[in-house]
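# Observations on the three-dimensional arrangement
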Amino acid sequence: MVRQYSLCSAPSDRSAYEVAVLRENEGRGGSIRIHRELRLGGSVKVSGPRNHFPLVETAKRHLLLAGGIGITPLIAMIHELEAEKLPFRLHYCTRSPVKTPFMNFLGPFIERGDVVLHHDEGDPSKGLDIPKLLSSYESGTHLYYCGPAGFMKAAKQGSAHWPKEAVHFEHFATALDPERAAVPPGGFEVKIASSGDTFHVPPDKTIVAVLREHGVEVETSCEDGVCGTCMTRFLEGEVEHRDLVLDEEEQQEYMMICCSRVKSPLLILDL
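Structure report, in brief. (Residues numbered from 1 in each chain as written. Predicted model: local features only at pLDDT ≥ 70, side-chain atom pairs only at ≥ 80, totals over all residues. Heavy atoms only, no water.)

## Things to note about the side chain of S9
Selection criterion: By definition, any uninterrupted DSSP run of H or I lasting at least four residues is a helix, any uninterrupted run of E lasting at least two residues is a strand, and each is numbered from the N terminus. Under the scheme applied here, a residue whose accessible area is under 20% of the maximum for its type counts as buried, over 50% as exposed, and between as partly exposed, the area being computed with a 1.4 Å probe on protein chains only. In protein, a polar contact means a hydrogen-donor-capable atom and an acceptor-capable atom, both N or O and within 3.5 Å, with residues adjacent in sequence counting only if both atoms are side-chain atoms; elsewhere, any N or O pair within 3.5 Å suffices. Here, two residues are considered to be in contact whenever any of their heavy atoms come within 4.5 Å of each other.
Locating S9 in the fold gives a position in the segment before α1 (30-37). With a relative accessible area of 9%, S9 lands in the buried category. Within the structure, S9 has its side chain in polar contact with the backbone nitrogen of E18 (distance 3.4 Å). In this structure S9 touches A16, Y17, E18, A76 and H79, once residues within four positions along its chain are discounted.

What follows is the structure, given as structure tokens:
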């Protein structure tokens, strides 16, 4: 079982990795296993950190939006912003004060007005008005947001008129987008540039699965287009990107072979 979590400790602290895991009884089993089985003194295997959600050093102001446990990567950002004495404002949306993680850490920032809490008691209409908050863009401001699917959709729609380079986000779960879930008809060929080997990828299999069947090992983690582990450079092919990581510029050269497909008959990978 492999899962990925955002680090929420200070980036300058190299003594430990700190994560916060919400127990999801209806999830895929990773969080339940952690809550039930992980104990002090136990061992887990971890990879090095991968940052697909970095702060922009040249920004004049940083606007952070968090929904629920989506606060975790933003906690790490606050550590960094505070250390560098950079201005920021966090709007943190949760169900209730009792269900608001990191209150002890956020307390001083709440007192000085840098963090604003929004509790909706389960009714989004009673919470933060995201479209109103994002209605006007101020030059030099960069937006960062993370949270559940509905929250992410509202933030994306609310910031649609912002410059693309000023908007940053991280999904902590796969968005249930029917267009991403649909399986395209037909298959395609995938060619390995270094060896010339070519394999057929049918509609019911991923590129990663086919490569593994033929002894081509590719490092993966989520296999859902969220973590970015399997990012691979492609040399030829019309890619249908289905991940939640790559920006438009990166999509011109790279793809996530765990979930993305191609519309052309042939895909050539730089492997």
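## Quick word on the sheet that holds strand β2 (residues 88-94)
Basically, it comes down to this: Strands pair, by our definition, only if DSSP identifies at least two bridges between them. For helices, the fitted axis covers only the stretch in contact; all axes are lines through C-alpha atoms, and the angles between them, taken along N-to-C directions, range from 0 to 180 degrees.
Spatial ordering of the open sheet is given by β3-β2-β1-β4-β5, a layout of five strands whose pairing is parallel. Each edge of the sheet is formed by a strand with only one pairing partner; in this case those strands are β3 (115-119) and β5 (167-169). Taking each pair of neighbouring strands and ignoring which way they run, the sheet shows an average axis angle of 15°. Bridge count for strand β1 (residues 61-67) against β2 is six bridges, and the pairing is parallel. Across the sheet, residue H62 finds its bridge partner in β2, namely F88. Strands β2 and β3 of the sheet are contacted by helix α3 (residues 103-111), whose axis makes an angle of about 120° with β3. Seen against the sheet, helix α5 (residues 149-158) touches β1, β2, β4 (141-146) and β5 and runs at an angle of roughly 160° to β4.

## Structural notes on the pattern of salt bridges
Selection criterion: The rule for a salt bridge is simple: a side-chain nitrogen of Lys or Arg has to be within 4 Å of a carboxyl oxygen of Asp or Glu.
Going through the model one piece at a time under the given rule, you end up with ten salt bridges. The partner of E248 in a salt bridge is K164, and the shortest N-O contact between them spans 2.8 Å. Remark: K164 occurs in the loop between α5 and β5 and E248 occurs in the loop between β9 (239-240) and β10 (254-256); sequence separation between them is 84 residues. Overall, K164 belongs to the exposed group, its relative accessible area being 62%. The partner of E240 in a salt bridge is R242, with the nearest N and O atoms 2.9 Å apart. Comparing E240 with R242 shows no difference in burial state: the two are buried. One continuous salt-bridge network, built from bridges that share partners, spans E82, R112 and D114.

## Describing the state of the cysteines
The cut-off we apply is this: Only a pair of cysteine sulfur atoms within 2.5 Å counts as a disulfide in this structure description.
Counted under the stated rule, the structure contains zero disulfides. The thiol sulfur of C258 is not disulfide-bonded, and the nearest other cysteine sulfur, from C230, lies at 3.7 Å. Residue classification places C258 among the buried positions, given a relative accessible area of 6%.

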